[in-house]
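Listed below, chain by chain, are the residues.
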Amino acid sequence: MCCIVARILIADDSNVIRTRVASWIAHEHDLELVGQAENGARCVDLFQRLKPDVIILDVEMPELDGIETLRQIRAIDATVPVIMFSALTELGSRTTVASMLAGATDHVAKPASFRVEDETRRLLIARVRSLVRQRVFVSLTSSSTSVIEHHETQIPEAPEIIVVAASTGGPPALREFLTAVGRIEVPIVVVQHIPAHFLGLLVEQLATMLAADVAIGIDGEALTAGSVRFAPSGTHIEVRSREGRMLLGYSDLPPVNSCKPSADILFASAAMTARRPIAVILSGMGSDGLVGAGTIVANGGGVYAQDRRSSAVWGMPGSVVDQGLARLVGPPDRIGARIRLLSQRAVKV
């Protein structure tokens, strides 16, 4: 990291905040502030001209608020890390979840007082560095640099279940994927790595947006056609079978890949329980889901991965692509459309 200088753009209507963050960055040898914007419109303009490595973005701004600014940035670039830095990004905030769905990569709350300013400074700088390291790591280790599309030639029957993994950058990818899937006669089970205080609001907003049966899964619940169930935070979730029906089950195994819930646990259980399961790996850091994806393939299922171009972080999907496990690699809406076809027993594309 010492040889890499990350270029930062900050957008905030408060000159005090911009000056303070500028002073924090000035003390870091590996960070450089390349631009400051007092509103969202100016931020979008500077982003296009300066091509920063990371954007620090306020929510409440004149002319163009932070969430609409984020949407415009994401229409230009799906992968540049954007950290929402606002008094509104408190734990459990609906604004925070709305920004996640719009494509925010991370969130840091502004300090409520000078007593916690140093803590906020350390947290913000650490988040910037983490996101830059991840982008550099993926670019150096991934053998795939563009959208790759592998087409299945024929699938005789529809999958019995869809299992999904997502982490950083996952909420907007999930929104696009689930919108494209629509109402299908196949249950969907999701592991989204997200703090517990955000999960309920995320599920609630997705249920409203999609007008669908989206909820946090309950231990022992029967999986039904068209349902979308999320693993609770801090609990592994498995697909189980009883009397010919698929059920959800909680598991208190230790964390896997430092994750609880873990996609590997979910995927492995689906591979052993369901016929022709399909695993979908969306944007996220690390490689959770890689081992489980291998189990899915070994048991006759399929694996679809989000492409690098549309991923906020191409760690999880990139790991299965690099191991040759993915049948289809593309943006979330294309993956969703493909699964919709399969669920309707379409055999060719």
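One can find the structure itself at the top, above this paragraph.
Here's a quick rundown of the structure. (Residues numbered from 1 in each chain as written. Predicted model: local features only at pLDDT ≥ 70, side-chain atom pairs only at ≥ 80, totals over all residues. Heavy atoms only, no water.)

**Considerations on the environment of Glu28**
So, point 1. Looking at the secondary structure, you find Glu28 in the loop between α1 (15-26) and β2 (31-37).
So, point 2. Sequence-wise, Glu28 and Val5 are 23 residues apart; in three dimensions their C-alpha atoms are separated by 9.5 Å.
So, point 3. Residues within four places of Glu28 in sequence aside, it is in contact with Arg121, Ile125 and Arg129. (Helix = DSSP H or I, 4+ residues; strand = E, 2+ residues; numbered from the N terminus. Contact = heavy atoms within 4.5 Å.)

**Comments concerning the pattern of salt bridges**
So, point 1. Under the counting rule described, the total for this entry stands at 20 salt bridges.
So, point 2. The shortest N-O distance in the salt bridge between Glu117 and Arg20 comes to 3.4 Å. Placement of Glu117 in helix α5 (residues 117-141) and of Arg20 in helix α1 is noted, with a sequence separation of 97 residues between them.
So, point 3. Note on Glu117: relative accessible area 15%, which makes it buried. (Salt bridge = Lys/Arg side-chain N within 4 Å of Asp/Glu carboxyl O. Buried < 20%, exposed > 50% of the residue type's maximum accessible area, 1.4 Å probe, protein only.)

**Quick look at the pairing of strand β3 (residues 54-57)**
So, point 1. Residues Val54 and Ile56 of β3 are buried on one face, and the alternating residues Ile55 and Leu57, pointing to the opposite face, are buried as well.
So, point 2. Here 3 bridges tie β3 to strand β4 (residues 82-86), and the two strands are oriented parallel to one another. Paired with Ile56 across the strands is Ile83, a residue of β4. (Pairing = 2+ DSSP bridges.)

**Points about the layout of surface pockets**
Any empty space left between the atoms is revealed when a probe the size of a water molecule rolls over them.
So, point 1. Of the volumes computed, that of the second largest pocket is approximately 300 Å³.
So, point 2. As for the second largest pocket, its lining consists of 18 residues, of which Arg74, Ala102, Pro172, Arg175 and Glu176 are closest to the centre.
So, point 3. Elements that contribute at least two residues to the lining of the second largest pocket include exactly α3 (66-76), α4 (94-102) and α6 (170-181).
So, point 4. Sorting elements by how many residues they give to the lining of the second largest pocket places α6 first, with 4 residues. (1 Å grid on protein atoms, 1.4 Å probe; cavity = no way out; pocket = protein on both sides within 12 Å on 5 of 7 lines; lining within 4 Å. Points joined across faces, edges and corners; volume = space filled by probe spheres on them.)

**Side note on the packing of aromatic side chains**
So, point 1. A full pass over the atoms with the stated rule returns 1 aromatic pair.
So, point 2. With centroids separated by 6.4 Å and ring planes inclined at 75 degrees, the aromatic side chains of Trp24 and Phe85 adopt a geometry described as edge-to-face. Here Trp24 is found in helix α1, whereas its partner Phe85 is found in strand β4, with 61 residues between them in sequence. The pair formed by Trp24 and Phe85 is uniform in burial state, with each residue classed as buried.
So, point 3. Its guanidinium or amino end placed over the ring of Phe47, Lys51 lies 5.8 Å from that ring's centre, counting from NZ or CZ. (Phe/Tyr/Trp six-rings, centres within 6.5 Å; stacked < 30°, edge-to-face > 60°. Lys NZ or Arg CZ within 6 Å of the ring centre and 35° of its normal.)

**Description of α1**
So, point 1. The end-to-end C-alpha separation of α1 is 16 Å, in line with the 16 Å expected for 12 residues at 1.5 Å each.
So, point 2. For α1, every residue scored as buried is listed here: Ile17, Arg18, Val21, Ala22, Trp24 and Ile25. For α1, the angular spread of buried residues about the axis comes to 160 degrees, placing them on one side. (Expected span 1.5 Å × (residues − 1). Arc of directions from axis to C-beta.)

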